[in-house]
Amino acid sequence: MKIKIAMVGFGLLLGVAIACNNTPKTPAWDATPYRERGLEIAGITQTTMSTQLKKALEEGGVPIAVQYCNLAAYSIVDSLSKIHNATIRRVTDKPRNPNNSMTAHEQKIFNQFQSQWHGQQQVAPIVEQLQNGEVAFYAPIGIQALCTKCHGKLGETLTTENYAVIQQLYPTDKAIGYAEGDLRGMWRIV
């Protein structure tokens, strides 16, 4: 009798275990549409800002371009954030504006980009699902030749006169010393 009860009990446990293993699996999360959308938004934002910055540089050199960045860049990003129903940020480990500083989590992702970065080679963006259900897209931002006029090496591509103008608007600036092809920061789009 004890053996029959034990066998029935074992059979029930085995049946429960098999049933639990046959529960439908949640399909794998597909980051592809978020990656594509993130690339699109980052590209539009980068192009919009670069076009305006280039125009400011042509009109008045670094002093006008720095004022543009100080006054207009955030409003452009805010406008594009509303248009695309997203939060768009540029973050860096060497900020000009303290508002662009990285969080500890962003720093970890940036470190991944740094380990893969070799002169602006294609580094794959990172997409992650956040705990609140939102999705974050991260992509590296490299230094173009145009960028070195304000972010370059002091005394080489960045003149001391132009850096004095930058320091008037950004007294805690850390965003210099870059060469074309360097990794400057990254996009964070949620």
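See the structure printed just above.
Residues numbered from 1 in each chain as written. Predicted model: local features only at pLDDT ≥ 70, side-chain atom pairs only at ≥ 80, totals over all residues. Heavy atoms only, no water.

Trainee: Help me understand helix α3 (residues 73-83), please; the structure alone is not making it clear to me.
Mentor: Two residues of an α-helix separated by three or four positions point the same way, owing to the 3.6 residues in each turn. Within α3, the full set of buried residues consists of Ala73, Ile76, Val77, Leu80 and Ser81. Viewed end-on, α3 has its buried residues packed into an arc of 135 degrees, placing them on one side of the element. Packing partners of the buried residues in α3 comprise α2 (32-71) and β1 (88-91). Remark: Asn85 follows α3 within two positions and exhibits a positive phi of approximately 50 degrees. (Buried < 20%, exposed > 50% of the residue type's maximum accessible area, 1.4 Å probe, protein only. Helix = DSSP H or I, 4+ residues; strand = E, 2+ residues; numbered from the N terminus. Arc of directions from axis to C-beta. Contact = heavy atoms within 4.5 Å.)

Trainee: What is the right way to look at the packing of α2 against helix α6 (residues 160-169) in this model?
Mentor: The description of two helices packed together rests on the angle between their axes and the distance between the axes. Two elements in contact, α2 and α6, have axes separated by 9 Å at closest approach and are oriented at 20 degrees. One element, α2, and the other, α6, form an angle in the roughly parallel class. Remark: the crossing between α2 and α6 carries right-handed chirality. The segment α2 lies against α6, with Val62, Pro63, Val66, Gln67 and Asn70 engaging Asn162, Val165, Ile166 and Leu169. Its residues assigned to classes, the contact of α2 with α6 comprises six nonpolar, three polar and no charged. (Axes fitted to C-alpha atoms, helices over the stretch in contact; angles between N-to-C directions. Parallel < 35°, antiparallel > 145°, perpendicular 65-115°, else oblique. Left-handed = near helix turned anticlockwise from the far one by under 90°. Nonpolar A, V, L, I, M, F, W, Y, C, P; charged D, E, K, R; others polar.)

Trainee: Please explain the layout of surface pockets as it appears in this structure.
Mentor: If you roll a probe as big as a water molecule over the atoms, it shows you where there is empty space left. Roughly 640 Å³ of internal volume is contained in the largest pocket. Lining the largest pocket are 32 residues, with Leu53, Cys69, Arg90, His151 and Arg184 positioned closest to its centre. Among the secondary structure elements, those contributing two or more residues to the lining of the largest pocket are α2, α3, β1, β3 (135-142), α5 (148-151) and β4 (183-189). Considering each element in turn, the lining of the largest pocket owes the most residues, nine residues, to α2. A class-by-class count of the residues in the lining of the largest pocket yields 18 nonpolar, 10 polar and four charged. (1 Å grid on protein atoms, 1.4 Å probe; cavity = no way out; pocket = protein on both sides within 12 Å on 5 of 7 lines; lining within 4 Å. Points joined across faces, edges and corners; volume = space filled by probe spheres on them.)

Trainee: Teacher, can you tell me more about the environment of Lys55 here?
Mentor: Tracing the chain through its elements places Lys55 in helix α2. For Lys55, a relative accessible area of 47% corresponds to the partly exposed category. The sequence separation of Lys55 and Ala65 amounts to 10 residues, and the corresponding C-alpha distance is 8.3 Å.

Trainee: What am I meant to see in the pattern of salt bridges here?
Mentor: Under the criterion given, the structure shown has four salt bridges. With a closest N to O distance of 2.8 Å, Asp173 and Arg96 form a salt bridge. Of the two residues, Asp173 sits in the loop between α6 and β4 while Arg96 sits in the loop between β1 and α4 (104-116), which places them 77 residues apart along the sequence. Its relative accessible area of 11% is what places Asp173 among the buried residues. Residue Arg96 is classed as buried on the basis of its relative accessible area of 9%. Across the salt bridge formed by Arg188 and Glu106, the nearest N and O atoms sit 3.2 Å from each other. In this pair, Arg188 sits in strand β4 while Glu106 sits in helix α4, placing the two residues 82 residues apart along the sequence. The class of Arg188 is buried, set by a relative accessible area of 18%. (Salt bridge = Lys/Arg side-chain N within 4 Å of Asp/Glu carboxyl O.)

Trainee: How should I be thinking about the side chain of Arg96 in this particular structure?
Mentor: A distance of 2.8 Å separates the side chain of Arg96 from the side chain of Asp173, its partner in a polar contact. There is a polar contact of 3.5 Å between the side chain of Arg96 and the backbone oxygen of Ala175. Not counting the four nearest positions on each side in its chain, Arg96 is found in contact with Cys150, His151, Ile166, Tyr170, Thr172, Asp173, Lys174, Ala175, Ile176 and Arg184. (Polar contact = N/O pair within 3.5 Å; in protein donor to acceptor, adjacent residues only side chain to side chain.)

Honestly, that's just the spatial picture; any functional story needs more than this.
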